[in-house]
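# Analysis of the macromolecular model
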Amino acid sequence: MSKPTLATWLRRETRLEHHRVDQHPVLKPLLKRELAIEEYATALSALYAPVASLEAALSSGLGAHGVNYPLTQREALLKADILQLGRQVQPVSHLPPLATIEAIVGTLYVLEGSRLGGAMIARHVRQVLEDQVPLRFFAAAPLQTQEWAAFWVFAENLCPPPSWPAVRESAQQAFAHFIQGLEAFVNANPTPKE
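A word on the overall build of the protein chain. Within the protein chain one finds 8 helices and 0 strands. Sequence-ordered secondary structure for the protein chain, helices as α and strands as β, is α-α-α-α-α-α-α-α. Taken over C-alpha atoms, the radius of gyration comes to 17 Å for the protein chain, in line with the 16 Å a tight globule of 194 residues would show. When the backbone C-alpha atoms are referred to their principal axes, the protein chain occupies close to 55 × 35 × 30 Å.

Here the focus is unusual backbone geometry. Phi is positive for Glu130, which is not a glycine, with a value near 50 degrees. You can call Glu130 exposed: its relative accessible area is 53%.

Scanning all chains against the criterion turns up 7 salt bridges. Between Glu39 and Lys32 there is a salt bridge, with the nearest N and O atoms lying 2.7 Å from each other. Relative accessible area serves as the criterion here: at 24%, Glu39 is assigned to the partly exposed category. The partly exposed category is assigned to Lys32, whose relative accessible area is 27%. Between Arg115 and Glu147 there is a salt bridge; the shortest N-O distance is 3.4 Å. Taken as a pair, Arg115 in helix H5 (residues 101–129) and Glu147 in helix H7 (residues 145–158) lie far apart in primary sequence, 32 residues in all. Here Arg115 falls in the buried class, since its relative accessible area comes to 3%. Taken together, the salt bridges that share partners define one network made up of Arg12, Glu13 and Arg168.

Turning our attention to the nonpolar core. Residues Tyr40, Leu47, Tyr109, Phe138, Phe151 and Trp152 are the most contacted members of the largest nonpolar core, which totals 59 residues. Taken together, the elements giving at least two residues each to this core come down to helix H1 (6–13), helix H3 (37–65), helix H4 (75–84), H5, helix H6 (136–139), H7 and helix H8 (164–188).

When two helices pack together, their arrangement is captured by the angle between the axes and the distance separating the axes. Axis separation between H3 and H5 bottoms out at 10 Å; the angle between their running directions is 155 degrees. Viewed along their axes, H3 and H5 adopt a mutual orientation that is roughly antiparallel. Relative to H5, the crossing made by H3 is left-handed. In this structure, H3 uses Ile37, Tyr40, Leu54, Glu55, Leu58, Gly61, Leu62 and His65 to contact H5, whose residues at the interface are Ile101, Ile104, Thr107, Leu108, Leu111, Val125 and Leu129.

The first and last C-alpha atoms of H8 sit 36 Å apart over 25 residues, in line with the 36 Å expected at 1.5 Å per residue. Residues of H8 that are buried: Trp164, Val167, Ser170, Ala171, Ala174, Phe175, His177, Phe178, Gly181, Leu182 and Phe185.

Here we come to the environment of Leu6. Its place among the elements puts Leu6 in helix H1. The class of Leu6 is buried, set by a relative accessible area of 0%. Linking Leu6 and Cys159, residues 153 residues apart in sequence, is a C-alpha distance of 8.5 Å. With near-sequence residues (within four places) excluded, Leu6 lies in contact with Trp152, Ala155, Glu156, Cys159 and Trp164.

As a further point, take the packing of aromatic side chains. Two descriptors summarise a pair of aromatic rings, namely the distance from one centre to the other and the angle between the planes of the rings. Scanning the entire structure with this criterion turns up 11 aromatic pairs. Each ring, one from Trp9 and one from Trp164, has its centre 5.6 Å from the other, and the planes form 40 degrees; the classification is tilted. Taken together, the positions of Trp9 in helix H1 and Trp164 in helix H8 put the pair 155 residues apart, joining distant regions of the chain. Accessibility expressed as a relative area gives 8% for Trp164, which makes it buried. With centroids separated by 6.5 Å and ring planes inclined at 85 degrees, the aromatic side chains of Tyr109 and Phe175 adopt a geometry described as edge-to-face. Of this pair, Tyr109 sits in helix H5 while Phe175 sits in helix H8; the two residues are 66 residues apart in sequence, bridging distant segments of the chain. A single burial state applies to Tyr109 and to Phe175, both of which are buried. One aromatic cluster is present, formed by Tyr69, Tyr109, Trp148, Phe151, Trp152, Phe154 and Phe175 through successive ring pairs.

Conventions used here
- Residues numbered from 1 in each chain as written.
- Predicted model: local features only at pLDDT ≥ 70, side-chain atom pairs only at ≥ 80, totals over all residues.
- Heavy atoms only, no water.
- Helix = DSSP H or I, 4+ residues; strand = E, 2+ residues; numbered from the N terminus.
- Rg over C-alpha atoms; globule rule 2.2 N^0.38 Å.
- Buried < 20%, exposed > 50% of the residue type's maximum accessible area, 1.4 Å probe, protein only.
- Salt bridge = Lys/Arg side-chain N within 4 Å of Asp/Glu carboxyl O.
- Core = buried A, V, L, I, M, F, W, Y, C linked by side-chain atoms within 4.5 Å.
- Axes fitted to C-alpha atoms, helices over the stretch in contact; angles between N-to-C directions.
- Parallel < 35°, antiparallel > 145°, perpendicular 65-115°, else oblique.
- Left-handed = near helix turned anticlockwise from the far one by under 90°.
- Contact = heavy atoms within 4.5 Å.
- Expected span 1.5 Å × (residues − 1).
- Phe/Tyr/Trp six-rings, centres within 6.5 Å; stacked < 30°, edge-to-face > 60°.

Structure representation (structure tokens):
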């Protein structure tokens, strides 16, 4: 039996966390056939704080470690979409720069992977809502197949197998940060009862 790659291993090891984010009640409507503009606006608004804080921590960590990775920052795209939808952006809690290479790779895995999912969401939203909503965050910077492959080469070069548990822990923390941000948004913006 061949040894797993970091990609295969990390996907398997973070499957539950990934599912929790995808199935969160604020994000789950993004793939409904009857997606409403209000649900779309709420999902984007809820994503803002976790995306902005993780991108900032990642950018600082890359700089602090002198790691050359072509990070695609989407915070400004997300903010523009939210404002165009008539919403305000939520306050962002700042995270410290990522302290290790493993933390950088684990967090990159989550953020770059979200670009893959974003392309699928963009196609669905465009089909359901057509041109009624802005799609910069999901559609402007989709992760191309060659970029995803290049990420894994980058990750494997920096993180040999003994470091994989630390990469997993960082990815799990990034997913948890998304959940915490989504929950904080829900708690700060309760849905009115009918």
